[in-house]
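# Architecture and fold: a report
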Amino acid sequence: MRTVALPLVTLLLPAQTIPAAPAKATAFERAVVQEMSDVRVRPKVYAKYLRELRPFFKGTLWNRPDRVPLRTEEGVAALDEAIAFLESAQPVGPLRFNEGLARAARLHAQDIGPKGSIEHTGSDGSRLRDRLNRLGRWQGLIAENISAGEDEARQVVIQLLVDDGVTSRGHRKNLFNPDLHQAGAGSAPHRDYRTVTVIDYADGFVESR
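It should be emphasised that the depicted structure is a prediction, and the values quoted were computed from it without experimental measurement.

Let us look at the pairing of strand β6 (residues 136–148). Counting buried positions along β6 gives 10 out of 13 residues, so the element sits mostly inside the fold. The pairing of β6 with strand β8 (residues 194–207) spans 11 bridges and is antiparallel. The residue bridging N145 from the neighbouring strand is I199, located in β8.

See the structure below:
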């Protein structure tokens, strides 16, 4: 499953109009951030989880236990690369859950899901920096990952780590960027992939009240 990543930016812009607030983060959305934090802190432990999935490849078809078979672009090669990365990676700091980032992520998921999109540009032409400006003030780096088709936190993170079909491995780079300290996840139904999860990251973010 191919997902998309947003290049990091380094701007600080003023807040704008704040849209109506969606619900607070769900247990799943919080679990996604916790799972990402865990892999940053203990990458070698996470490599063991990925290694357990190797036997379920048959060519480019990934017959994951108790899940719908997944047709990948790279087959087991992408998984092996992710394992090698995790086994050699140095731990980086944990991610702190941020409700404002989760709110921004959820609004974008609710926007793109019904349209069948997995793009970072919203229906109104907004990019991540625009959406964060509407909700508060951010500083340092920001980034965004989008995962589609996964409804379990660990599976979302595995998808981002393996980054099948993404030459730059941009999702993995975002996930392990030591300059990103906060994150929020937002999920919504998706027209084509059942569910879409947007993850927004920042060095710092303060939501307007």
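This part covers the packing of helix α2 (residues 43–51) against helix α6 (residues 153–162). Contact geometry for α2 and α6: axes closest at 12 Å, N-to-C directions at 95°. With respect to their mutual orientation, α2 and α6 come out roughly perpendicular. Contact residues: α2 offers Y46, Y49 and L50, while α6 offers R154, V157, I158 and L161.

What follows is about helix α5 (residues 128–135). Among the residues making up α5, those that are buried are L128, R131, L132, N133 and L135. As for α5, its buried residues are in contact with α4 (99–112), β6 and β8.

If you trace the backbone, G100 turns up in helix α4. A C-alpha to C-alpha distance of 8.6 Å links G100 and S208, two positions 108 residues apart in sequence. Setting aside residues no more than four positions away along its own chain, G100 makes contact with L135, F205 and E207.

The subject of this paragraph is the pattern of salt bridges. Side-chain pairs of opposite charge can arise where the charged atoms are in close proximity. Inspection of the entire model under this criterion finds 18 salt bridges. Here R54 and D80 are joined by a salt bridge, their closest N and O atoms 2.5 Å apart. With a gap of 26 residues between them, R54 in the loop between α2 and β2 (57–58) and D80 in helix α3 (residues 76–88) connect regions that are remote in the sequence. Put simply, E81 and R169 hold a salt bridge, and the shortest N to O gap is 2.9 Å. With E81 in helix α3 and R169 in the loop between α6 and α7 (170–175), this residue pair connects regions lying 88 residues apart in the sequence. Exposure remark for E81: the relative accessible area of 34% places this residue in the partly exposed category. Several salt bridges share partner residues, and in doing so they unite R64, R67, E150, D151 and E152 into one network.

For residues besides glycine, phi is generally negative; the peptide bonds are generally trans as well. With a phi close to 60°, D66 is a non-glycine residue in the positive phi region. Inspection of the secondary structure assignment puts D66 in the loop between β3 (61–62) and β4 (70–71). Residue classification places D66 among the exposed positions, given a relative accessible area of 83%. Of note in the backbone geometry, D163 takes a positive phi value of approximately 55° without being a glycine.

How each quantity is defined
Residues numbered from 1 in each chain as written. Predicted model: local features only at pLDDT ≥ 70, side-chain atom pairs only at ≥ 80, totals over all residues. Heavy atoms only, no water. Buried < 20%, exposed > 50% of the residue type's maximum accessible area, 1.4 Å probe, protein only. Helix = DSSP H or I, 4+ residues; strand = E, 2+ residues; numbered from the N terminus. Pairing = 2+ DSSP bridges. Axes fitted to C-alpha atoms, helices over the stretch in contact; angles between N-to-C directions. Parallel < 35°, antiparallel > 145°, perpendicular 65-115°, else oblique. Contact = heavy atoms within 4.5 Å. Salt bridge = Lys/Arg side-chain N within 4 Å of Asp/Glu carboxyl O.

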